[in-house]
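Below are the chains, spelled out letter by letter.
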Amino acid sequence: MWYAIMAEDVPNSLEKRIANRPEHLARLLALQDAGRLLLAGPFPAIDSTDPGPAGFTGSLIVAEFSSLEEAKIWANNDPFVIVGAYKHVTVKPFRKTLPT
């Protein structure tokens, strides 16, 4: 089943994000390589695809896991969680409807 992982950043998270981005992306690429990643990306803090020093306010990942518990364990082991870039992570089942 698909799960939506919605993370909210702590204020001024950009340095933590930059320092830990390679490990964060490696985990996402592993999901992609396994055919289990629907989408992933950050929420820019301003109305721009490149917010520069304004940074980001959180992230959205939609990926396939065998259970809600597995999705939560995976999300809570993200480098951004471990270093404190994310202050809160919510994981919910997600039903993809479109595009087909």
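Residues numbered from 1 in each chain as written. Predicted model: local features only at pLDDT ≥ 70, side-chain atom pairs only at ≥ 80, totals over all residues. Heavy atoms only, no water.

Topic: the overall build of the chain
To keep things clear, this is the line we draw: Secondary structure elements follow DSSP: runs of H or I of four or more residues count as helices, runs of E of two or more count as strands, with numbering from the N terminus. Our radius of gyration looks at C-alpha atoms and nothing else; its globule reference is 2.2 Å times the residue count to the power 0.38.
Secondary structure assignment for the chain yields three helices and four strands. In the chain, the succession of helices and strands from N to C terminus is β-α-β-β-α-α-β. By the compact-globule yardstick of 13 Å for 100 residues, the chain fits well, its C-alpha radius of gyration being 13 Å. Based on the C-alpha atoms only, the size of the chain along its principal axes is roughly 35 × 30 × 25 Å.

Some words on unusual backbone geometry
Note the cut-off: Summary of the burial criterion: residues with accessible area below 20% of their type's maximum are buried, those above 50% are exposed, and those between are partly exposed, where the area comes from a 1.4 Å probe applied to protein chains only.
In the segment running from Leu98 into Pro99, the intervening peptide bond is cis, with an omega of -10°. Relative to the elements of secondary structure, Pro99 occurs in the segment after β4 (86-94). In this structure, Asn12 is a non-glycine residue whose phi angle is positive, near 55°. On the secondary structure map, Asn12 appears in the loop between β1 (2-9) and α1 (14-33). For Asn12, a relative accessible area of 79% gives the class exposed.

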